[in-house]
Amino acid sequence: MAHGTVVIGGGTAGTRLARQLVTGGMPVTVLGEEPHAPYNRLLLAEVLAGRYGPEVIALPTVPVRRGVRATAVDRERRLVHCADGTSVPYDRLVLATGSNPVLPPLRGIGREFPEGVHPFRTLDDCAALSAAVRPGIRAVVVGGGLLGVSAARALAERGAKVVLAQQGEHLMERQLDVSASELLRTHLEGMGVEIHTECRVRGLRGTDVELADGYVLDAELVVLACGVRPRVGLAQDAGLDVRTGIVVDDELRTSDPYIHAVGDCAEHEGRVYGLAGPALEQADVLAARLSGKAARYTGTRALTRLTLSGAGALDLAAFGDPTPQPGDDVVQLADATRGAYRKVVVRGDRLVGGVLLGDLAAVGALARAWEGDEALPETVPLLHLLTNDGGL
């Protein structure tokens, strides 16, 4: 008896895959742990800032069994056991379990969060923060990456007095170079956000945040935005090959040929992406494979883009490695008055990285050249790469 495909996870990758399979007339069951309809996690900060209602960020509808948590995979009998006591048979299983927030080993955090301390990963997290924030409340955001910056700005827009504590040397250090990060810092400080870099949080005293040097940040609200790690517990318990993520090949197969993995939980060629672009591309490739078409996943050259809406809106985009190596050509333009910054790194005849902040007119052409790994035209001066059409 045919059972079709079972997808564990109703996030970006799982929903995209299921929608394509359903459109192709293939039977699919999606198990979603959250009670909500699938939603776009990238827009949670917009909901926290009060610009969108939760319904606005809902993803296109697919049939999802909501509030159902998968607890075990029986590979021999091809069954998924669930916390509600049911078992779901599968012909093919797709793990789209996403990632969990990294919770640093801080004093004062046990199995339960103290009152006023919140992660920021799910719609429920967002709802809890929205209910807690009010004008004038003292809030500390721990973590200065993409998620921490988004959370700090959203809380500031809601009138909170925000302090952002970042362990690294500059904000969004995975995506931005020092110059772009400084512009971002200036932008946030202009909104009233107090920023501490190169400071390590040691623990919590209630909601007060204690730094490693003994300094204490008074807070009524704490947001932990310290990154994410792949959610691989089900795969490990089932005996699948797991390193940082669930190891998959070019067909998105795990070490069990009847089980696949896509999205934040998947590791391909030693890399876990943790970004929406690769998750969607993996879902597309797997949908094609399960539909009997020839398709292979060979990796994604992913662009990171962040739009900070509202008053004093700011756009930024980053791709590749913006840190040049000896022999690389670097072209950059900065306009401090307008808060704009553009930089690209060229190695030989290829773009290898870039950062644009404040003015993204050139991002489309640059992203296409980089994602396609195309040789740059010899007749185009490098400075023209930073014009509105990318000079391409």
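Preceding this paragraph is the structure being described.
Note that the structure is a prediction, hence the values are computed from the model and not measured.

Draft legend 1. Structural detail: helix α4 (residues 146-157). The terminal C-alpha atoms of α4, which comprises 12 residues, lie 17 Å apart, in line with the 16 Å expected from a rise of 1.5 Å per residue. A large share of α4 lies buried, amounting to 9 of its 12 residues. Every buried residue of α4 is listed here: Gly148, Val149, Ser150, Ala151, Ala152, Arg153, Ala154, Leu155 and Ala156. Two residues or fewer past α4, Gly159 is found with a positive phi of approximately 95°.

Draft legend 2. Layout of the nonpolar core. Within the largest apolar cluster, 46 residues are counted, with the highest numbers of intra-cluster contacts made by Ile8, Leu17, Leu31, Val80, Leu93, Leu95 and Ile246. Of the residues forming this core, the biggest block, 7 residues, is contributed by helix α7 (residues 276-290). Residue contacts for Ile8: discarding those within four places in its chain leaves Leu31, Ala70, Val80, Leu93, Val94, Leu95, Ala96, Thr97 and Leu234. Counting residues in hydrophobic clusters, the runner-up holds 42 residues, among them Ala151, Leu184, Ile195 and Leu357.

Draft legend 3. Representation of the sheet that holds strand β14 (residues 208-211) within the structure. Pairing is antiparallel in the open sheet, where 3 strands are placed in the order β13-β14-β15. The open sheet has two free edges, formed respectively by β13 (201-205) and β15 (216-217), since each of these has just one partner strand. As defined by bridge partners, β13 adjoins β14 across 4 bridges and the pair is classed as antiparallel. Along β14, the bridge assignment pairs Leu204 with Val209.

Draft legend 4. Representation of the sheet that holds strand β10 (residues 138-142). Here we have 5 strands laid out as an open sheet, ordered β9-β16-β10-β11-β12, and parallel in their pairing. The two strands at the open ends of the sheet, each matched to only one other strand, are β9 (117-119) and β12 (194-196). Strand after strand, the sheet turns through a mean of 20° between neighbouring axes, direction not considered. Two strands pair when backbone bridges link them, and β10 and strand β11 (residues 161-165) are joined in this way by 5 bridges, in the parallel orientation. Residue pairing in the sheet places Ala139 in a bridge with Val162 of β11. On the sheet, helix α3 (residues 123-132) packs against β9 and β16 (221-224) and is oriented at approximately 145° with respect to β9.

Draft legend 5. Focus on the packing of aromatic side chains. Overall, the coordinates contain 1 aromatic pair when judged by the stated rule. Each ring, one from Phe319 and one from Trp370, has its centre 5.3 Å from the other, and the planes form 45°; the classification is tilted. Of this pair, Phe319 sits in strand β22 (residues 314-320) while Trp370 sits in helix α8 (residues 363-371), and the two are 51 residues apart along the sequence. Across this residue pair, the class does not change: Phe319 and Trp370 are buried. Looking at Arg78, its charged tip hangs above the ring of Tyr258, at a distance of 3.5 Å from the centre.

Quick notes on the rules
Residues numbered from 1 in each chain as written. Predicted model: local features only at pLDDT ≥ 70, side-chain atom pairs only at ≥ 80, totals over all residues. Heavy atoms only, no water. Helix = DSSP H or I, 4+ residues; strand = E, 2+ residues; numbered from the N terminus. Expected span 1.5 Å × (residues − 1). Buried < 20%, exposed > 50% of the residue type's maximum accessible area, 1.4 Å probe, protein only. Core = buried A, V, L, I, M, F, W, Y, C linked by side-chain atoms within 4.5 Å. Contact = heavy atoms within 4.5 Å. Pairing = 2+ DSSP bridges. Axes fitted to C-alpha atoms, helices over the stretch in contact; angles between N-to-C directions. Phe/Tyr/Trp six-rings, centres within 6.5 Å; stacked < 30°, edge-to-face > 60°. Lys NZ or Arg CZ within 6 Å of the ring centre and 35° of its normal.

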